[in-house]
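Listed here are the chains, written in short residue letters.
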Amino acid sequence: MNVLEQNTLSEHLSPLVTVIVTVHNRFELARRAIASVVTQEYPAIQMVVVDDASEVLFKIEPVSRTDFKQQVVRLEKNQGPGAARELGRRLARGKYIAYLDSDDVYEPDFLKEMVDFLEKKPEFNLAYCCAVYLPDEDGLTQHVKDSATAHPEILPCMLEMGRPWHSSSVLRRKTLTDAIGPWISTLWEDYDYDCRAAIIDNNIGYVPKVLLKIDDNAACKLSKSPDTVFKLQSYGMSLNAIAQHLRQHSVFKESCYNITLYYLLKSAARNFESGNQAVALSNLYEFLRWPGISQRKQVVIRALRIFTSINSNSALPRILRKLSQKYKTASGKNSILNTKI
């Protein structure tokens, strides 16, 4: 039996959905997100709140709904969103799983619409909805990236233009999350997760309704925090994992070839500049493993790598950036996976 076959329909009219909410300190925002789960029009919800080692113990209020089960679990050490989501995934019992970031808000009919779509479309194992940012100071809203457009495949879309779907806008079948396996604990874990999902099933459904609101101005938003040594290391490690997944699958190796090599070289350049030589070298090692890299280019990069280990002021980062432009141009796309690279 294929691991992605639908679960047997439960005795209930509405299959159980597990919503995993990750929290780290931002309690006021987290309570707003949790309230949007509690007030869902959909019955049969299991909510797992994962406290990623907040400075103060996070607590939630009791819920009177008989069709709503909730629990709070805590990581004793702050490990980031990937580890928090993974703990929630292991506790999930629903036929469907959703991950809600603490600065995002569901519309009341999010689960109802998303479950209805997947129940009627067994050919899809995951789907995303349209999302908008919460109103700005002038009361204006705007759509998130290209979330108002249907994108039927995960790859190469997410590498070429960034993910049109937000982590909180996706509903997945548990059979798919079981097949994908654990979340990684580095940053950019959502790209790694979706890459592994694409290898299993590259199709993604689309619900053309605004069902999610995102607080783009939330304080301490990881994606907007300044670059640090840790962020650059984490990016490089996640990119290596993604490149390894793609290199091992011929279809994606071909369609994602140029854009992946572009990112590997750019990440290596940035990490060399930041003193993260181990991560930078691992990016170069992965680059050299891809087919089609000429022997001459391999010799040059290896020589430059040795020179850099001796002379930290070498021109290697500048050379790598220049070389990366060849692959960016060849891809024919302007990716926004990390526009600061």
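Residue positions are counted from 1 within each chain, in the order its sequence is given. The predicted origin of the model limits local features to residues at a pLDDT of at least 70 and limits the giving and counting of side-chain atom pairs to 80 or more, whereas totals for whole chains, interfaces and linings rest on all residues. Processing note: side-chain calculations cover all non-hydrogen atoms of the structure and skip hydrogens and water entirely.

Student: Explain the overall build of the chain to me, and be specific about the residues and the numbers.
Tutor: Counting from the N terminus, the helices are DSSP H or I runs at least four residues long and the strands are E runs at least two residues long. Counting its secondary structure elements, the chain contains 12 helices and 8 strands. Looking at the chain residue by residue over its 341 residues, the buried ones come to 55%. Once local pairs closer than 6 in sequence are excluded, the contacts in the chain between residues at least 24 apart make up 75%. Computed with a 1.4 Å probe, the accessible areas rest on the Shrake-Rupley method; for each residue, only the protein chains presented here act as cover. With the model as given, the accessible surface of the chain reaches about 15900 Å², and the carbon-plus-sulfur share is 53%. Here the term buried applies to any residue with accessible area under 20% of the maximum for its type, exposed to any over 50%, and partly exposed to those in between, with areas from a 1.4 Å probe on protein chains only. Contacts are assigned to residue pairs with any non-hydrogen atoms lying within 4.5 Å of each other.

Student: Could you give an account of the pattern of salt bridges, naming the residues involved and the relevant values?
Tutor: The salt bridge criterion pairs a side-chain nitrogen of Lys or Arg with a carboxyl oxygen of Asp or Glu, the two atoms within 4 Å. Within the structure shown, the criterion is met by 21 salt bridges. For Lys-174, the salt bridge goes to Asp-178, with nearest N and O atoms at 3.1 Å. One end of the pair is Lys-174 and the other is Asp-178, both in helix 5 (residues 174–180) and 4 residues apart, which spans about a single turn. Accessibility expressed as a relative area gives 43% for Asp-178, which makes it partly exposed. By sharing partners, the salt bridges in this structure join Arg-163, Arg-172, Asp-190 and Asp-194 into a single network.

Student: Break down the packing of helix 7 (residues 229–247) against helix 10 (residues 277–289) for me, citing the residues and quoting the values.
Tutor: Two elements in contact, helix 7 and helix 10, have axes separated by 9 Å at closest approach and are oriented at 15 degrees. Relative to helix 10, the element helix 7 lies roughly parallel. Note on packing geometry: the crossing formed by helix 7 with helix 10 is left-handed. Each of Gln-233, Gly-236, Met-237, Asn-240, Ala-243, Gln-244 and Arg-247 in helix 7 lies in contact with helix 10, whose residues at this interface are Val-279, Ser-282, Asn-283, Glu-286 and Arg-289. Axis definition: a line fitted to C-alpha atoms, limited for helices to the stretch in contact. Angles are taken between N-to-C directions and run from 0 to 180 degrees. An angle below 35 degrees is read as roughly parallel, one above 145 as roughly antiparallel, one from 65 to 115 as roughly perpendicular, and any other as oblique. Handedness of a helix crossing follows the sense of rotation of the near helix relative to the far helix, less than a right angle counterclockwise being left-handed and clockwise being right-handed.

Student: Explain the pairing of strand 7 (residues 170–173) to me, and be specific about the residues and the numbers.
Tutor: Both faces of strand 7 are covered, namely the face carrying Val-170 and Arg-172 and the face carrying Leu-171 and Arg-173. When DSSP finds two or more bridges between a pair of strands, those strands are recorded as paired. With 3 bridges connecting them, strand 4 (residues 96–101) and strand 7 associate as antiparallel partners. Note on strand 7: the bridge partner recorded for Ile-97 is Arg-172. As judged from the 3 bridges shared by strand 6 (residues 126–133) and strand 7, these two strands associate in the antiparallel manner. For Leu-126, the partnering residue across the bridge sits in strand 7 and is Arg-172.

Student: Quick rundown of the packing of aromatic side chains? Include the residues and the values.
Tutor: Here a pair means two rings of Phe, Tyr or Trp (six-membered ring of Trp) with centres within 6.5 Å. Their orientation is stacked below 30 degrees between planes, edge-to-face above 60, and tilted elsewhere. Evaluated as defined, the whole model comprises 12 aromatic pairs. Aromatic side chains Tyr-128 and Tyr-206 sit 4.9 Å apart centroid to centroid with 45 degrees between the ring planes, which places their arrangement in the tilted category. In this pair, Tyr-128 sits in strand 6 while Tyr-206 sits in strand 8 (residues 205–214), placing the two residues 78 residues apart along the sequence. Assessed through its relative accessible area of 0%, Tyr-128 is described here as buried. Of the aromatic side chains, those joined through ring pairs into one cluster are Tyr-99, Trp-183 and Tyr-193. Only lysine NZ and arginine CZ atoms are considered, and such an atom sits over a ring when it is within 6 Å of the ring centre and within 35 degrees of the ring normal. Note that Arg-163 overlies the ring of Tyr-191, its terminal NZ or CZ placed 5.4 Å from the centroid.

Student: Provide a residue-level description of the sheet that holds strand 3 (residues 68–75), including the pertinent values.
Tutor: Strand pairing in a sheet relies on backbone hydrogen bonds, with the paired strands running either antiparallel or parallel. Read from one edge to the other, the open sheet built from 8 strands follows the order 3-2-1-4-7-6-8-5, with strand pairing classed as mixed. In this open sheet, the two strands that pair with only one neighbour each are strand 3 and strand 5 (104–106). Averaged over all adjacent pairs, the angle separating strand axes in this sheet is 30 degrees, with direction ignored. By the bridge criterion, 6 bridges tie strand 1 (residues 17–23) to strand 4 in an arrangement that is parallel. In the sheet register, Thr-22 faces strand 4, and the bridge partner there is Asp-101.

Student: So what's going on with the environment of Ala-33? Which residues, and what values?
Tutor: In this structure, Ala-33 sits in helix 1 (residues 27–38). By relative accessible area, which is 0% here, Ala-33 ends up buried. Separated by 68 residues in the primary sequence, Ala-33 and Asp-101 have C-alpha atoms spaced 7.6 Å apart. Residue contacts for Ala-33: discarding those within four places in its chain leaves Leu-100, Asp-101, Ser-102 and Asp-104.

Student: Account for the environment of Leu-232, with residues named and values stated.
Tutor: Positionally, Leu-232 belongs in helix 7. Among the residues examined, Leu-232 registers a relative accessible area of 8% and is labelled buried. Considered as a pair, Leu-232 and Ala-268 are 36 residues apart in the sequence and their alpha carbons are 9.5 Å apart. Leave out the neighbours within four places in its chain, and Leu-232 touches Arg-270, Asn-271, Ser-274 and Asn-276.

Student: Describe the nonpolar core, naming the residues involved and giving the relevant values.
Tutor: Side-chain atoms within 4.5 Å are what join buried Ala, Val, Leu, Ile, Met, Phe, Trp, Tyr and Cys residues into a set we call a nonpolar core. Counting residues in hydrophobic clusters, the biggest one holds 61 residues, and the most contacted among them are Ile-154, Leu-155, Leu-246 and Tyr-327. In terms of residue count, helix 9 (residues 257–273) provides more of this core than any other element does, 10 residues in total. Grouped together as the second largest cluster of nonpolar side chains are 37 residues, Tyr-42, Ala-44, Leu-111 and Ala-131 included.

Student: Outline helix 9, supporting the account with residue identities and numerical values.
Tutor: The span you would expect from a helix comes to 1.5 Å times its residue count less one. Taking 1.5 Å per residue as the helical rise, helix 9 with its 17 residues ought to reach 24 Å, and the 25 Å between its terminal C-alpha atoms agrees with that figure. Where burial is concerned, most of helix 9 is hidden: 15 out of the 17 residues are buried. Backbone geometry just after helix 9 places Gly-275 at a positive phi near 85 degrees.

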